[in-house]
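# Structure at a glance
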Amino acid sequence: EVSDMPIPEAAEFIRQIEDPLARDIKTEILKRMNALTEIGLGYLSLSRGTDTLSGGEAQRIKIARYINSPLTDMMYVLDEPSVGLHSRDIQKLKNSLIKLKEHGNTVLIVEHHREIIALADHIVDMGPEAGINGGQIMYQGSYEGLLKADTVTGRMLRTKTLVKMEYRKPTGWYQLEHANLHNLKNVNVKLPLGVMTVIAGVAGSGKSSLMEYFTSQYPGEVISIRQKDIGINLRSTPATYLDIEDKIRALFAKENHIARSYFSFNSKGACPVCQGKGVIISDMAYMDSIETVCEVCHGTRYSEEVLKYQYKGKNIAEVMNMTVRQAIRFFENTDFVNKLDMLEQVGLGYLHLNQSMTTLSGGELQRVKLADKLEERGQIFILDEPTDGLHLDDIRRLMKLFNKMTDQGNTLFIIEHSLDVMKDADYIVELGPEGGQAGGEILFTGTPKEMLESSGSVTREYLSD
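These notes cover the structure that comes with them. Not measured: the values here are computed from a predicted model. (Residues numbered from 1 in each chain as written. Predicted model: local features only at pLDDT ≥ 70, side-chain atom pairs only at ≥ 80, totals over all residues. Heavy atoms only, no water.)

## Comments concerning the sheet that holds strand E7 (residues 196-200)
Strands pair in a sheet through their backbones, by hydrogen bonds, and they do so in one of two ways: parallel or antiparallel. Using the following cut-off: We call two strands paired when DSSP finds no fewer than two bridges between them. For the purposes of this entry, the term helix denotes a DSSP run of H or I that reaches at least four residues, the term strand denotes a run of E that reaches at least two, and both are numbered from the N terminus. Note on method: axes are straight lines fitted to C-alpha atoms, helices fitted across the in-contact stretch only, with angles between N-to-C directions ranging 0 to 180 degrees.
An order of E8-E13-E14-E7-E15-E16 is seen for the 6 strands of this open sheet, with the pairing classed as mixed. Edge positions in the open sheet fall to strand E8 (222-225) and strand E16 (441-446), since each of these has one partner strand only. Averaged over all adjacent pairs, the angle separating strand axes in this sheet is 15°, with direction ignored. Pairing of E7 with strand E15 (residues 427-432), which is carried by 4 bridges, proceeds in the parallel orientation. The residue bridging Ala200 from the neighbouring strand is Glu430, located in E15.

## Some details on empty space enclosed by the protein
Convention followed: Each cavity reported here is a set of points on a 1 Å grid over the protein atoms alone in which a 1.4 Å probe fits but cannot get out, each pocket an open set with protein on both sides within 12 Å along at least five of seven lines, and each lining residue one with an atom within 4 Å of a point. Grid points are joined across faces, edges and corners, and a volume is the space filled by probe spheres set on the points. Residues are grouped as follows: Ala, Val, Leu, Ile, Met, Phe, Trp, Tyr, Cys and Pro are nonpolar; Asp, Glu, Lys and Arg are charged; every other residue, Gly included, is polar.
Within the structure shown, the criterion is met by 1 cavity of 30 Å³ or more. The wall of the largest cavity is formed by Gln345, Val346, Gly347, Leu390, Asp394, Arg397 and Leu398. Per-element accounting of the lining of the largest cavity gives the leading share, 3 residues, to helix H15 (residues 392-407). Residues belonging to the lining of the largest cavity are distributed by class as follows: 3 nonpolar, 2 polar and 2 charged.

## Quick look at the nonpolar core
What counts, and what does not: Residues belong to a common nonpolar core when they are buried Ala, Val, Leu, Ile, Met, Phe, Trp, Tyr or Cys residues joined through side-chain atoms within 4.5 Å. We call a residue buried when its accessible area falls under 20% of the maximum for its residue type, exposed when it is over 50%, and partly exposed in between, using a 1.4 Å probe and counting protein chains only. Residue contacts are defined here by distance: any two heavy atoms, one from each residue, within 4.5 Å place the two residues in contact.
Formed by 64 residues in total, the largest nonpolar core has its most connected members in Ile248, Phe331, Leu340, Leu370 and Phe402. It is H15 that provides the largest number of residues to this core, a total of 6 residues. Residues in contact with Phe331, not counting those within four places in the same chain, are Ile248, Leu251, Tyr311, Val319, Phe336, Val337 and Leu340. Membership of the second largest hydrophobic core comes to 25 residues, among which are Ala10, Ile14, Ile63 and Leu100.

## Observations regarding the packing of aromatic side chains
Filter applied, for reference: A pair of aromatic rings is counted whenever rings of Phe, Tyr or Trp (Trp by its six-membered ring) have centres within 6.5 Å, and the orientation is called stacked for planes under 30 degrees apart, edge-to-face for over 60 and tilted otherwise.
Applying the stated criterion across every chain, the model contains 14 aromatic pairs. Ring geometry for Tyr311 against Phe330: centres 6.0 Å apart, planes inclined by 75°, an arrangement best described as edge-to-face. One end of the pair, Tyr311, is in strand E11 (residues 310-311); the other, Phe330, is in helix H12 (residues 324-330), and 19 residues separate them in sequence. The burial state of Tyr311 is the same as that of Phe330; both residues are buried.

## Considerations on the pairing of strand E3 (residues 123-127)
Residues of E3 alternate between two faces, with Ile123, Asp125 and Gly127 buried on one and Val124 and Met126 left unburied on the opposite face. The sheet contact formed by E3 and strand E4 (residues 136-141) spans 5 bridges and is antiparallel. Within the sheet, the bridge partner assigned to Val124 lies in E4 and is Gln140.

## Digging into the environment of Gln140
By secondary structure assignment, the location of Gln140 is in strand E4. When the C-alpha atoms of Gln140 and Asp243 are compared, they prove to be 42 Å apart, with 103 residues separating the residues in sequence. Beyond its immediate stretch of four places on either side in the chain, Gln140 contacts His122, Ile123 and Val124.

## Here we look at the side chain of Ser45
Position of Ser45 relative to the elements: it lies in the loop between helix H2 (23-38) and helix H3 (55-67). Sequence-distant contacts of Ser45, defined by excluding residues within four places in its chain, comprise Ser3, Asp4 and Met5.

## Examining the pattern of salt bridges
Selection rule: When a carboxyl oxygen of Asp or Glu lies within 4 Å of a side-chain nitrogen of Lys or Arg, that pair is called a salt bridge.
Within this structure, the stated rule accounts for 21 salt bridges. With a closest N to O distance of 3.6 Å, Glu28 and Lys31 form a salt bridge. Taken together, the residues Glu28 and Lys31, both in helix H2 and 3 residues apart, mark about one turn of the helix. Take Lys31: its relative accessible area is 34%, and that puts it in the partly exposed class. Asp393 is the salt-bridge partner of Arg396, the closest N and O atoms lying 2.6 Å from each other. Linking Arg396 with Asp393, this pair stays in helix H15, spanning 3 residues, or about one helical turn. We classify Asp393 as buried; its relative accessible area is 14%.

In structure tokens form, the structure reads like this:
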């Protein structure tokens, strides 16, 4: 029963144990529980399976573990610890990061969030773009210096966009009644159709639960684009996922008068040594398996015989190794170039056609799935934190895309913490006031302008700022 309680309640129970034998262990347990609460994970229960946690939550548990560590002079590298956090929770994360540093450690953070960037003592800005067009240091120095720098990050941090004041009119409403899934407290709410709605609230407040309940109740089709729903394996690539690879193989087959199965690394064209995986996986019994690049095909996945055939002066491996941007130019008059265009539109122009999807982040996988659905009309989309891992400039481009999708007659429900997304929404539904059992209530429904005047909203002060 204790392990099923939210962490602050479990801590309170342990505080009440008076047995002198438990004194030392009680101190240690409370120290760890307080660290989890301080970093904004108080809504979790100790019995919660780690496989149900988001990447950001799992990472913050790790940070909490080290906050009270007696080790000093350590270097901690954190990869986007703000992922999945509301602006209010960011303050808790900032306090934990400062504590880690003041303990005598070096903290390196890969981050896009405005407030975490502002917290840094020293900033390294990479660019100028992504993928093969990146890899250079654009700026190095203080936050004040970055605000003046002529880099994409500097320009975006300087730019303050206003809250949208003109809103689309809903084409209809869907009434949700007595929603009590997970931590939802018998919620009744009207959701607008035909517009772009943001589902807001602190971490664990019931945003995903509300959308899960809506999906189960709504009589029509709902396209849910979540980070965990995309079935991938070692052989999945952006080209196979979007069926682009079949079209490219057909071009090679026609040009060289040979069966298209020879141009597939899942069929006759596979390297005989690695069977088309591009890597050799060595099972190390009690340790993690070791992946090494195949020495025969050098990671191309194709047999030597197939690489002799060419299309426009390039073999199949060279073509499949192109980035999406390069491929758009190379295949400019083909019937599948629009699919490549869609990957570019969702900000993935830097991906290679043959890149294993197992190397993509959750946000990237989600946007590959979104690219596959861009031509839909009159559909209902649920997008779960689509800005995860995105630079401010990429968020700007993604919002253009979301506006275009809404104008095409789609309904968008975006579960999101990004204030840049909220400012551009037609309608906001906010859950809270806290996470876990202290959440699951509707705090606010209305337009962003109305949120700025709402006394019950937790998000309002951050949007006002």
